[in-house]
2 protein chains.
Amino acid sequence: MPLLTIKDIARKCGVSVTTVSRAINNHPDINEKTKERIMQVIKEYNYIPNNSARNLKRIESNTIAVLIKGITNQFFNKMLKVFEAEIEKNKYDFLLHPVEEDENEIDVAISLEKEKKLKGIIFLGGYFSHSVDKLKYLNVPFVLSTGGFSEEVESDKYSYVMVDDFKESYKIVDYLCKLGHRRIAIISVPESSQNIGKTRLYGYKKALQDNNIPFDPALVRYKDVEDRDFFSMRYGYEVAKELLQSNVNFSAIFAISDTIAVGACKAIFDSGGKVPEDYSVAGYDGIDIAHYYNPSITTIRQPVEEIARESIRILFEKLNNNKKIEKHKIFDGELIVGQSTIPYNKKS
Amino acid sequence: MPLLTIKDIARKCGVSVTTVSRAINNHPDINEKTKERIMQVIKEYNYIPNNSARNLKRIESNTIAVLIKGITNQFFNKMLKVFEAEIEKNKYDFLLHPVEEDENEIDVAISLEKEKKLKGIIFLGGYFSHSVDKLKYLNVPFVLSTGGFSEEVESDKYSYVMVDDFKESYKIVDYLCKLGHRRIAIISVPESSQNIGKTRLYGYKKALQDNNIPFDPALVRYKDVEDRDFFSMRYGYEVAKELLQSNVNFSAIFAISDTIAVGACKAIFDSGGKVPEDYSVAGYDGIDIAHYYNPSITTIRQPVEEIARESIRILFEKLNNNKKIEKHKIFDGELIVGQSTIPYNKKS
DNA sequence: TTGTAGGCGTTATCAA
DNA sequence: TTGATAACGCCTACAA
C-alpha cells in the first residue's frame, strides 16, 4: 500500500488537487456535492495529508506548544490537564512536545516554531540559567512555567510563573525548627546536577540560621546514581538508608521532593523505625502520594493548577494584545501539615 | 528577528544554498575551510533548519517513534527509558509522541509515518479492538506493546508483547482466595470505559469460581468520575470509601491498579481501619509505589523492562530481516507478596 | 569543490 | 465553483 498523496485522490475523483485541498480544509467555495464525493474517496482510502508539506506551505498554524522537560515527572500531570483544557477552550490546537534531558529546550523551541509555525510556547521544567540569550531567536510569545532558573538572569526578557523555591524551602524547614527539631537532615541531589536542589538547600540553610541552629555538613545528604534519576523513591530510599546507617544523629528529614520523602520513610520503616515517632519527615511539591501515603507527608504544595492557569493566561494576553511587556508571577506554596511530622518533644 | 532560512545563511556566507546544505549535513565533498566559515555563521545567527522542509524532501529518516497513549501513566516510565536507550544504542533516532485520549493512535501513526518518514513504530497503551483493520495502511514495521485489546482480533496481522491480563488477574485473586478470603471486593472501572478493567474483572470472576466462592455483584465496585481519570489514587479512595460506608461485608480488596490500591488503603486508614489487619488489599502493575508504600502492597508485577526490550527487539528483527512474520510474546506477571495481605484467619 | 535547477506534497494566488 | 501555477525551505542529481 503506497503512501497516498493529494494527487492520487484528485485523480481518483476526477478533480484538481486544489479542489481536494478545499474539501480537506473546509473551504467555503466548493460545491457540497463535490466535497461529499471527495470526502467519500478520502475515507475509503484512508488518505491522510502529509503534515510536513502542510506545515511548510501554510502561512500560519493555530498551535500552541507545551515543551516539557521531564515528562515522566508526576509533578506535571495536573498542569498538563490544565494546559490542554485551556488551550482547547480558546480554540487553539494543543501540542505536547517532550524534550529530552540532554536537549536544549530553547533550540527545540526554535526548531518547532519553524516546523509547526507555532503561535505560542509554554516551557515546562528545565533550567534556563544557561543560554537564556538564545530566547531572542524566538519570534512568538512564550512563558516559562515552574522552571527553576538562576536569579541572575535579566527577567525583563521573558515572562514566567513559578513559586519561590528558596522561600518555600525556608518555610518548611522553619516549620521543622519550630517543632523543636535541631538536627534536621536534608536529602538533596549532587551539586553538579543542574536543578532546583541548590535553591532548596539555600532555603534550608537560611532557616537553620534564623533559628540559631548550627549548620552541619554531615546532615546534607545526597549521592550519585548511575541513571541520574534523583527524584525517585529509590533515590530517597538509598540516601536515607546511608544516613540511618551512619552514626550521624538527627530527628527530622527534609527531602527536596515528595518522591524522595516516600523513599526515606520506607528506609526508616525497613530499619525498624517509625514515622513520625522516631523521625519526622517532610517533603516538597505536594503531589498526590504525599496526601495518600501512610502517614501522610508534610509538604509544600506547589499550586500547580494555578501556575498552569496563570501561565496560559499570560500567554493569551501576549497573544491577543500583542504586548511586549513581560509578566512575572510568583505563587506562594502552601505548607500542608501531614502526619509525618511531630514536635521534637513528642518523639518516642 | 525574522525566521532564518538556508538562503539567508547562503547569502551571508557568499555561497550557494547547496554548499550550506552540505555543511549542515556533513557531506564529504566540501572544503573544510568553507564548511568552518559556514558553521561559524550558522552558530552566530543560531540558524536551525526547517524540519518540515527537510522531512518533505528527504527520502527517508532514521527515526523510530514510540506512540504513547496515557503519557502521564507511571506504568510507562521505565519502559520509556528502555525504548530510548535501545533505540539510540542501535543508532536510530528516538521520537516520543504522546497520543491524546480521544485520538485514534493508528491514524496518528499513519500521519506521523508520512510526516517524519518513520522507520518503525512502537505502540504503547491504547486499545486496538476498534479499527485494527486500519493497521494495513501502515507501511513500516510496528509492534504493539502492552496495549490491552480484545482477543477477537486476528493476531497474525501484527506483532505484540504483553502480559495475559486475565491470567494475572486470576493469579492474584486466587492468591487472596487461598489466603482464606471469601468476601473479596474488586475496585474496577465503569464497564463503558474502553480498557483493561473488563479483562481483569473476568480473571477475578474465574478465580472466585474455581475456589467455589459465589460471585456477588455487590462486591464489584466502581463509579463514574468527571475527569475520567479512573487509575488515580483519588478514584481508589472514593470508591473504597463508598464501599466502607456501605453495609457490604468484605475482608479483602483487589484493586485493578496499584494507584487505586493506594487510594483504597488510605480510605481504610481514614475510616479507622488497618491494612492488612482489618482488610487485605492487593493491587496490580508493580509500579514503584507498591513497593514503597506502607504497608508495601501485594501486587502483580508486570515485567515492564522485559516487555519493552522484547518489543524493540522484535521491531529491529522486522527492520533488519524484512520479515513479514508477526511475532507474539506473552510475559508472565510476577506475584509480589507485600505486607498488605494476610490470611483471613490471622485477621484481627 | 561548488553551483544550477527541479521537485518533495501541500496551500495560496489568480484567472477562468 | 473550479483549475493552473507558483511557492514554502530544503535536498540532490547533474553540470560546471
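Residues numbered from 1 in each chain as written. Chains lettered and ligands numbered in written order. Predicted model: local features only at pLDDT ≥ 70, side-chain atom pairs only at ≥ 80, totals over all residues. Heavy atoms only, no water.

Identification of chain A as Transcriptional regulator, LacI family from Caldicoprobacter faecalis is taken from an unreviewed UniProt entry.

> How should I be thinking about the overall build of chain A in this particular structure?
Counting its secondary structure elements, chain A contains twelve helices and twelve strands. Its C-alpha atoms give chain A a radius of gyration of 26 Å, clearly above 20 Å, the size a compact globule of 348 residues would have. With the C-alpha coordinates of chain A rotated into their principal frame, the extents come out at 85 × 45 × 30 Å. Buried positions account for 57% of the 348 residues belonging to chain A. Long-range pairs, those at least 24 residues apart, make up 70% of the contacts in chain A between residues at least 6 apart in sequence. In the form shown here, chain A has an accessible surface area of approximately 15,800 Å², with 48% of it arising from carbon and sulfur atoms. For chain A, the separation between the mean place of its 49 positive charges and that of its 49 negative charges on side chains is 5 Å. (Helix = DSSP H or I, 4+ residues; strand = E, 2+ residues; numbered from the N terminus. Rg over C-alpha atoms; globule rule 2.2 N^0.38 Å. Buried < 20%, exposed > 50% of the residue type's maximum accessible area, 1.4 Å probe, protein only. Contact = heavy atoms within 4.5 Å. Areas by Shrake-Rupley, 256 points an atom, 1.4 Å probe, with all protein chains shown as cover. Lys, Arg positive; Asp, Glu negative; His and termini not counted. Charge placed at Lys NZ, Arg CZ, Asp CG, Glu CD.)

> Explain the protein's contact with DNA strand D to me, please; I cannot follow it from the model alone.
In the vicinity of DNA strand D lie 23 residues, with A:Thr19, A:Arg22, A:Thr34, B:Ile6 and B:Tyr47 positioned nearest. A share of 55% of the atoms of DNA strand D within 4 Å of the protein falls on sugar and phosphate groups. B:Asn50 places a polar main-chain atom, nitrogen or oxygen, 3.1 Å from a phosphate oxygen of DNA strand D. Partitioning the surface near DNA strand D into residue classes produces seven nonpolar, eleven polar and five charged. (Near = heavy atom within 4 Å. Polar contact = N/O pair within 3.5 Å; in protein donor to acceptor, adjacent residues only side chain to side chain. Nonpolar A, V, L, I, M, F, W, Y, C, P; charged D, E, K, R; others polar.)

> What is the right way to look at the environment of B:Leu244 in this model?
Residues and elements named next belong to chain B. Structurally, the position occupied by Leu244 is in helix α9 (residues 233–245). Residues Leu244 and Ile268, 24 residues apart in the sequence, show an inter-C-alpha distance of 7.6 Å. With residues near it in sequence (within four places) discarded, Leu244 still touches Phe250, Ala267, Ile268, Ser271 and Tyr279.

> How should the pattern of salt bridges be read in this particular structure?
Side chains bearing opposite charge may pair, as long as their charged atoms lie close to each other. Inspection of the entire model under this criterion finds 50 salt bridges over all chains. The partner of A:Asp29 in a salt bridge is A:Arg22, with the nearest N and O atoms 3.5 Å apart. For the salt bridge of B:Asp174 with B:Lys178, the shortest nitrogen-to-oxygen distance reads 2.7 Å. Remark: B:Lys178 and B:Asp174 occur in helix α7 (residues 165–178); sequence separation between them is four residues, near one turn of the helix. A relative accessible area of 16% places B:Asp174 in the buried class. Salt bridges sharing common partners tie together A:Lys223, A:Arg234, A:Glu238 and A:Glu242. (Salt bridge = Lys/Arg side-chain N within 4 Å of Asp/Glu carboxyl O.)

> Just checking my understanding: could you explain the interface of chain B and chain A for this structure?
It is common to give the size of an interface as the accessible area lost on bringing the parts into contact. On the side of chain A, 53 residues touch chain B, which itself brings 53 residues to the contact. When chain B packs against chain A, the two sides together hide about 4,800 Å² of surface, and 54% of this comes from carbon and sulfur. At the boundary of chain B with chain A, the tally comes to four salt bridges. Between A:Asp229 and B:Lys81 there is a salt bridge; the shortest N-O distance is 2.9 Å. Counting the contacts that link chain B with chain A gives 23 residue pairs in polar contact (both at pLDDT 80 or more). Taken together, the residues that form the side of chain B that touches chain A break down as 23 nonpolar, 15 polar and 15 charged. (Buried area = accessible area lost by both parts, 1.4 Å probe.)

> Explain the domain arrangement of chain A here, please?
Here chain A is partitioned into domain 1 (6–49), domain 2 (60–163 + 303–332) and domain 3 (166–302 + 335–346). The gap between the C-alpha centroids of domain 1 of chain A and domain 2 of chain A is 37 Å. (Domains from an automatic or database assignment.)

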